[in-house]
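Geometric and topological summary
Residues per chain, in single letters:
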Amino acid sequence: MAVSILSHEVSDLCLGKPALSSLSASATVGDALSALKRSGDLFLSVWSCDRLHHCNSPRPDKVDFEECKCVGKVCLVDVICFLSGEENLKNPGKALQEPVSVLLNSKVPGLVRHLEPHANLLDAIEVILGGAQNLEDIIRYLLNSIGVFSPTPNHTIESLDIIDSESFFTVHYDDPASSALPLISQSLIKQTSVAILDTDGKLIGEISPFTLNFCDATVAAAIATLSAGELMAYIDFRDPPEDLLRLVKDRLEERNLGPALDLIEEESGISSLSSYSSSSDEEFGMGRSGGIAGNSAGVRSTAQTIVCYPWSSLVAVMIQALSHRVSCTWVIEEDGTLVGVVTFAGMIKVLRERLKSTA
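As the structure is a prediction and not an experimental result, all values here were calculated from the model.

Calculation criteria
- Residues numbered from 1 in each chain as written.
- Predicted model: local features only at pLDDT ≥ 70, side-chain atom pairs only at ≥ 80, totals over all residues.
- Heavy atoms only, no water.
- Helix = DSSP H or I, 4+ residues; strand = E, 2+ residues; numbered from the N terminus.
- Areas by Shrake-Rupley, 256 points an atom, 1.4 Å probe, with all protein chains shown as cover.
- Pairing = 2+ DSSP bridges.
- Axes fitted to C-alpha atoms, helices over the stretch in contact; angles between N-to-C directions.
- Contact = heavy atoms within 4.5 Å.
- Salt bridge = Lys/Arg side-chain N within 4 Å of Asp/Glu carboxyl O.
- Buried < 20%, exposed > 50% of the residue type's maximum accessible area, 1.4 Å probe, protein only.
- Disulfide = S-S within 2.5 Å.
- pLDDT = per-residue confidence, 0-100.

We now examine the overall build of the protein chain. Secondary structure summary: the protein chain contains 18 helices and 9 strands in total. Accessible surface, the protein chain: about 16600 Å² in total, of which carbon and sulfur atoms supply 50%.

Time to look at the sheet that holds strand β2 (residues 43–47). With mixed pairing, 3 strands are arranged side by side in an open sheet as β1-β2-β3. A single partner strand is all that each edge strand has here, and the edge strands are β1 (22–24) and β3 (70–75). For this sheet, the mean angle separating the axes of adjacent strands, direction not counted, is 35 degrees. Summarising the sheet, β2 and β3 pair through 5 bridges and their orientation is antiparallel. In the strand pairing of β3, Leu44 is matched with Val74. Sheet strands in contact with helix α2 (residues 29–39) are β1, β2 and β3, and its direction is about 135 degrees off that of β2.

Counting across every chain of the model gives 7 salt bridges. Put simply, Arg352 and Glu126 hold a salt bridge, and the shortest N to O gap is 3.0 Å. With a gap of 226 residues between them, Arg352 in helix α18 (residues 344–358) and Glu126 in helix α8 (residues 121–129) connect regions that are remote in the sequence. Since its relative accessible area comes to 12%, Arg352 is described here as buried. Between Arg246 and Asp250 there is a salt bridge, with its nearest N and O atoms 3.1 Å apart. Of this pair, Arg246 and Asp250 both sit in helix α14 (residues 242–254), 4 residues apart, roughly one helical turn. With a relative accessible area of 29%, Asp250 lands in the partly exposed category. Taken together, the shared-partner salt bridges in this structure form one network comprising Glu126, Arg352 and Glu353.

Glancing now at the environment of Phe82. Looking at the secondary structure, you find Phe82 in helix α4 (residues 76–83). We classify Phe82 as buried; its relative accessible area is 18%. The contact partners of Phe82, leaving out residues within four places of it in the chain, are Val29, Asn88, Ala95, Glu98, Val102 and Leu103.

As a further point, take the state of the cysteines. Per the counting criterion, the structure on display carries 1 disulfide. In this model, Cys49 is linked to Cys68 through a disulfide, with the two sulfur atoms separated by 1.8 Å. One end of the pair, Cys49, is in the loop between β2 and α3 (51–55); the other, Cys68, is in the loop between α3 and β3, with 19 residues separating them in the sequence. The two residues Cys49 and Cys68 agree in class, both being buried. Here Cys308 stays unpaired: no disulfide links it, and the sulfur of Cys328, its closest cysteine neighbor, is 9.9 Å away. Since its relative accessible area comes to 0%, Cys308 is described here as buried.

Our next topic: the environment of Leu83. Relative to the helices and strands, Leu83 resides in helix α4. Those residues in contact with Leu83 that sit more than four places away from it in its chain are Asn88, Leu89, Ala95, Leu96, Ala217, Ala220 and Leu263.

Bringing helix α17 (residues 314–323) into the picture now. Of all 10 residues making up α17, 8 are buried, and the element is well covered by its neighbours. Looking at α17, one finds that the buried residues are Leu314, Val315, Val317, Met318, Gln320, Ala321, Leu322 and Ser323. Positioned one or two residues after α17, Arg325 has a phi angle of 55 degrees, which is positive.

Another point: the confidence of the model for the protein chain. Here the protein chain averages 81 in pLDDT, and 80% of its residues register 70 or above. Taken as a whole, residues 269–289 scores under 50 in pLDDT and shows 51 contacts with residues more than four places along the chain or in a different chain.

What follows is the structure, encoded as structure tokens:
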């Protein structure tokens, strides 16, 4: 059975999936923002050429592949983090005219890798563990054949030593949200989140790139002016609470960031969060290995942070993460003290070793 899984090609993971909307590397940040709004996609692939023109070329097969390839991908979180900089808030119009490449420069190499369609699943796993994205497709695919990895999936995440207790990102509730900005960028790359802790080191929520990706560009102003806890509340709602929105505007005026106020006014007519259907908390055991209850805002809010425990089984954490569309799960003690995080990368690594041992 393990041999059968290894014989599957990476193209099997792409069946039925639409292509990512594309953008030329010569486009601007504003072009990327408009394309994200227009397409409704969470990500855009960035190409070294005008991909649409290239694909419609009368002789595309004769054009060197190196002349037209995917050089990266961008999402709304990239735009938000870029606009959150002090200089960009002073002149957001100018910032939006910057080339889209500025959104790629802060990313580590290897996030986008090219694989031939006939590459096998193990090739894809090795590339993923080397830093490429996306992880969810691989985890979902492996979960469908979870019996092959027995008894590993029934072991606790603690016994499998996949709890990362050192290299995760945290901020305290009262810290400026702007202090979390580099952590948000890094968590987007590592496909994790930024944990928000109280003074006792207990988990009270998170700033998730996934949730931010359903917001609009006005969140840049909120990051620059609010505390981490206030930002968590700001992005928990389909429309930010009026008192927080007023607070953001007042603080922008205090800092002479009038142009950022214009950005808020321009975006005010656009719904800040998109909704999606998710499985009920009760169905997936949200009482003991689920989430920290909180506001519901269509998309999973930061107050509904998904958690598990050191004694949770690997398969339970896999199902939990996939059902709630998160790529990491926070590990806590019964009193809420944060222990660490389990990521898709950690899950894939332990399953890969099991796969190799049975092949």
